[in-house]
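A look at the structure
Listed below, chain by chain, are the residues.
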Amino acid sequence: MTPNLPDSQRQIIYAKRPQGVPTVDCFRLIDVPVARPGPGKVLVRNDVLSVDPYIRMRMEEKDSYAPVMAIGDVLVGRTVGQVLESHADGFAEGDWVVGRLGWQDYSVAGPGELQKIDVSLAPQTAYLGALGSTGITAWVGLMAFGKPKAGETVLVSAASGAVGSVVGQIAKLKGCRAVGIAGGASKCALVKDAYGFDDCVDYKSPDFADALARAVPDGVDVYFDNVGGPILDAVLPLLNNFARIPLCGLVSQYNETEPYRVKNLREIFNRRVTMRGFVLSDHRDLWPEATRELIAAYAGGHLKYRETIAEGLENAPQAFIDMLAGANVGKQLVRLRRA
Ligand code: NDP
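Residues numbered from 1 in each chain as written. Predicted model: local features only at pLDDT ≥ 70, side-chain atom pairs only at ≥ 80, totals over all residues. Heavy atoms only, no water.

Glancing now at the sheet that holds strand β12 (residues 239-247). Pairing in this open sheet of six strands is parallel, and the strands run β10-β9-β8-β11-β12-β13 from one edge to the other. Since the sheet does not close on itself, it has two edges, and those belong to β10 (199-202) and β13 (274-277), each with one partner. Across the sheet, the axes of successive neighbouring strands diverge by a mean angle of 15 degrees, strand direction being ignored. In this structure, strand β8 (residues 153-156) lies alongside strand β9 (residues 177-182), joined through four bridges in parallel fashion. Paired with V154 across the strands is A178, a residue of β9. (Pairing = 2+ DSSP bridges. Helix = DSSP H or I, 4+ residues; strand = E, 2+ residues; numbered from the N terminus. Axes fitted to C-alpha atoms, helices over the stretch in contact; angles between N-to-C directions.)

See below:
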């Protein structure tokens with residue numbers, strides 16, 4: 001029996017499907033009994049929660065690669081936390097773990113749902129961001145589908161965010177010119193000064209198209225697309241022949257009620273471009289190599305990251321809504337418990 005375990009815990013459940021931009025009443029905070037782990041299971045206290053753009057897709061009854069959430073479901077999301085009680089081989093009380101354990105204070109999980117992390121190498125929260133699934137997404141998309149070669153130009157959208165910031169830093173490590181696209185002058189400054197990109201263009205500025213063309217004088221060989229929509233259209237005429245577009249996400253479109261129609265599609269044909277949508281969970285075979293490289297880059301001081309941390313599970317819905325609107329700098333997290 002775990003000492004000091006409360007009888008009840010907080011969860012956030014899915015309450016209402018949004019039309020366009022989600023509102024806080026799409027979520028509901030409830031109290032439920034803390035579940036106890038049976039044989040082969042562990043009890044995890046979740047300390048920090050990751051809120052991610054893909055959750056918006058799961059809120060909608062649209063065709064998607066991931067299952068849609070049902071009303072009443074606990075919100076999906078990865079957490080980092082500590083094992084409080086273990087009845088599973090390979091896990092002991094006190095182990096730090098990451099898993100998709102949901103928007104809640106405590107979770108019961110099996111070993112297959114958990115990944116042990118080494119908190120002597122990096123802070124716990126890094127395993128939800130640059131050293132976790134967002135960093136691995138950047139590595140897999142860039143290396144497996146962008147196939148960058150030294151000397152090429154790699155352009156990435158949402159460049160100040162969790163995935164985008166890692167993409168540019170890996171591109172630099174591979175000897176490429178890294179150019180970002182981000183919203184606002186301060187985010188562009190961060191992309192250049194903190195993450196070491198060669199340049200960054202503000203898509204909210206009135207001369208975006210011209211500034212983008214000036215930032216890629218040799219054209220674009222890899223466009224790592226996190227956003228889709230009008231930014232994709234602006235990039236397409238700048239691609240070089242045989243360019244690659246790893247299509248990681250469409251965050252500019254998740255809250256839209258009308259689909260955006262790409263105008264410059266013929267550039268993909270003219271320039272014989274390869275565009276490849278990818279989803280991280282399809283590429284588990286690449287995770288170990290990606291993790292090794294990311295940890296080595298971090299240990300060598302070549303992988304920087306930023307976090308925006310909201311306080312308290314009750315503020316997770318607003319943090320999620322704000323992140324979709326670009327209020328986050330770097331990885332958006334929510335602290336559930338003070339250390
Ligand atoms: P970010 O940390 O990048 O946060 C989202 C960012 O999106 C905001 O900060 C904002 O930056 C930008 N954004 C919002 N609206 C727009 C818009 N209309 N036009 C341009 N940019 C916009 O999130 P993540 O790094 O977690 O995710 C980035 C992308 O990667 C998402 O599309 C996500 O779905 C995808 N993803 C895909 C995975 C996969 O397996 N394929 C796995 C993980 C993530 P700004 O202020 O610059 O506008």
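Enumeration according to the criterion identifies zero disulfides in this entry. Lacking any disulfide linkage, C188 is separated from the closest cysteine sulfur, that of C200, by 3.2 Å. (Disulfide = S-S within 2.5 Å.)

This part is about the pattern of salt bridges. Oppositely charged side chains may form a pair once their charged atoms are brought near each other. Here the structure, examined in full by the defined rule, presents 17 salt bridges. A salt bridge links D47 to R45; the shortest N-O distance between them is 2.9 Å. The same class applies to D47 as to R45, namely buried. Where E311 meets R335, a salt bridge forms, and the shortest distance between an N and an O atom there is 3.3 Å. One end of the pair, E311, is in strand β14 (residues 307-311); the other, R335, is in strand β15 (residues 331-335), and 24 residues separate them in sequence. Through salt bridges with shared partners, one network takes in R10, D105 and E314. (Salt bridge = Lys/Arg side-chain N within 4 Å of Asp/Glu carboxyl O. Buried < 20%, exposed > 50% of the residue type's maximum accessible area, 1.4 Å probe, protein only.)

Next up on the list: the domain arrangement of the protein chain. Splitting the protein chain by domain gives domain 1 (8-129 + 306-335) and domain 2 (133-282 + 292-296). Spacing between the C-alpha centres of domain 1 and domain 2 amounts to 27 Å. Across the boundary between the two partners, domain 1 contributes 22 residues, which contact 17 residues of domain 2. Across the domain 1/domain 2 interface, buried area totals approximately 1500 Å², and carbon plus sulfur atoms make up 58% of it. Interface area lost by domain 1 to domain 2 is led by G129, R306 and L324, which between them contribute 24%. Here domain 1 and domain 2 share zero salt bridges between them. Taken together, domain 1 and domain 2 are joined by six residue pairs in polar contact (both at pLDDT 80 or more). Its residues placed into classes, the side of domain 1 that touches domain 2 shows 10 nonpolar, five polar and seven charged. (Domains from an automatic or database assignment. Contact = heavy atoms within 4.5 Å. Buried area = accessible area lost by both parts, 1.4 Å probe. Polar contact = N/O pair within 3.5 Å; in protein donor to acceptor, adjacent residues only side chain to side chain. Nonpolar A, V, L, I, M, F, W, Y, C, P; charged D, E, K, R; others polar.)

What follows concerns the environment of G77. Looking at where G77 falls in the secondary structure, it is placed in the loop between α1 (54-58) and β4 (79-86). For G77, a relative accessible area of 0% puts it in the buried group. Excluding anything up to four places from it in sequence, G77 contacts L49, S50, Y54, G99, R100, L101, G102 and W103.

This paragraph deals with the site of the ligand. What surrounds the ligand is a group of 27 residues, the closest being K187, Y203, Y254, L280 and N328. Backbone polar atom of G183 to an oxygen atom of the ligand: 2.8 Å apart, as the coordinates give it. In this structure, a nitrogen atom belonging to the ligand sits 3.5 Å away from a main-chain N or O atom of L324. About the coverage of the ligand: the protein hides 91% of its 910 Å² of free accessible area. In the shell around the ligand, the residues fall into 17 nonpolar, nine polar and one charged. Counting the residues that make up the shell around the ligand, at least three belong to each of domain 1 (8-129 + 306-335) and domain 2 (133-282 + 292-296). (Near = heavy atom within 4 Å. Areas by Shrake-Rupley, 256 points an atom, 1.4 Å probe, with all protein chains shown as cover.)

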